[in-house]
Each structure stands twice: as structure tokens, then as C-alpha cells.
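Okay, here's what each chain looks like letter by letter:
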Amino acid sequence: MGQMTDEHLLELAVQGNGRSFGILVERWENRIFRFICRYTGSREDARDLTQDTFSKAFQNLSKLSDPARFSSWLYKIALNECRMRFRRGRGVRQVSLEDARLDEDRTNQVSADTPEDVAVRNEGIRKLKEAFGRLPEEQREVILMKEYEGLRFHEISGVLGIPLSTAKSRMYLGLKTLRKILEENP
């Protein structure tokens, strides 16, 4: 069953095969967790929201009209879960750039870095996180999905329910705003 496509697994899951949905969870759980973790800035909230996302997906499998869009549909559920938690004020912080790639970059650095090099790099990361948190939510979401989750613009437009051109303009406006914020606060 492990080599089946998402579409085939979805078909089996809709027919009541719980194991096939379990395989989908295994395939997508880490990506959805990372997305939510970056969005909320909290690993604890991300664990809960990831579970909520898959629970809601399972409950609504029959409503997925195009199985080929499963990944976009799943990200949309995750984003909605994050937004609902934020609206209820239950611990969601500003979008964080706590990104595994940054952590990997730090651990993959040659250990010959001086303490000054490490301090400068950490300060740059802190400034970037702070500037990212100051972006409007709609721009943060697009940048997060594009740059950190690797979604294509058409997938982002589907997740957010916006035209493709709007997704692109939010991305470029967000990057421009981010650059401006960083230049104003060197």
C-alpha cells in the first residue's frame, strides 16, 4: 500500500479503509506539522493543530471533490485551524521563522566559526524573525507557503481561495516590505 498515489489512497479511505488514510497521515504529517509550527511559533500548538487538521480531513474526506488537490486541501484545513485558534486567542503567536532549514544551516556550519560569527548570524536571524512578524498576515502566509513549504503559486491561490495574480502580488509585496523593514532597522 505504501507505493500507492495519494489519489488512490483517498479513494480507498472514502470507501472506509482506515489504513489507507493512515498512510496519507504518515506521508503528510511532518510537512503539515512544520507548516503549522512556523505559522504558530509553537511546537506544542503545532502538535495539537496537526492532529486537529488530520481529524478534520478524515471527517470531511467525502467533501474533497478533486483528489488530485489533496495537498492543497490539507494545507487549507491546516491554515483554517491555525486561524481559528488565533481568533480564539488560544496561544497562537505571530508567524515565526523557526525554520528547520535555519537550524540545519547552523548545525552544518564548520565548527571553526568564532563566537563573534555565531553572534552575528544569530542576530541576523533574530532581526529577520522580527521583521517577518511585522508583515501583514496575508503576506506572511503566502511567503510561508511559497518559501518554506515549497508550494507553487497555483497551489497557494487554491489554499487561500484567491486569484493566482493576488497570490503572486502578495508574495512580491511581502518580500519588498520585508526588505524595507530590514533596511530601516539595520
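About the cut-offs
Residues numbered from 1 in each chain as written. Predicted model: local features only at pLDDT ≥ 70, side-chain atom pairs only at ≥ 80, totals over all residues. Heavy atoms only, no water. Buried < 20%, exposed > 50% of the residue type's maximum accessible area, 1.4 Å probe, protein only. Helix = DSSP H or I, 4+ residues; strand = E, 2+ residues; numbered from the N terminus. Contact = heavy atoms within 4.5 Å. Core = buried A, V, L, I, M, F, W, Y, C linked by side-chain atoms within 4.5 Å. Axes fitted to C-alpha atoms, helices over the stretch in contact; angles between N-to-C directions. Left-handed = near helix turned anticlockwise from the far one by under 90°. Nonpolar A, V, L, I, M, F, W, Y, C, P; charged D, E, K, R; others polar.

Caption draft 1: Structural view of helix α8 (residues 153-160). For α8, a buried count of six out of eight residues is recorded, marking the element as mostly surrounded by other parts of the structure. The set of residues buried in α8 consists of F153, E155, I156, S157, V159 and L160. In this fold, the buried residues of α8 make contact with α4 (70-87), α7 (137-148) and α9 (164-184). Of the residues trailing α8, G161 is marked for its positive phi of about 70°.

Caption draft 2: Local environment of the nonpolar core. Grouped together as the largest cluster of nonpolar side chains are 46 residues, with contacts concentrated most on F21, I32, F35, I36, F70, M145 and I156. If you list the elements that add at least two residues to this core, you get α1 (6-14), α2 (18-40), α3 (43-59), α4, α6 (115-133), α7, α8 and α9. Ranked by residues supplied to this core, first place goes to α2 with 11 residues. When neighbours within four sequence positions are excluded, F70 is seen to be in contact with D6, L10, L24, W28 and L64.

Caption draft 3: Up close: the packing of α2 against α7. Where α2 meets α7, the closest approach of the two axes is 11 Å, and the angle between their N-to-C directions is 145°. Of the two possible hands of crossing, α2 and α7 adopt the one that is right-handed. Contact with α2, carried on its side by F35, R38 and Y39, involves E137, E141, L144, M145 and Y148 of α7 and no other residues of that element. Partitioned by chemical class, the residues of the contact of α2 with α7 number five nonpolar, no polar and three charged.

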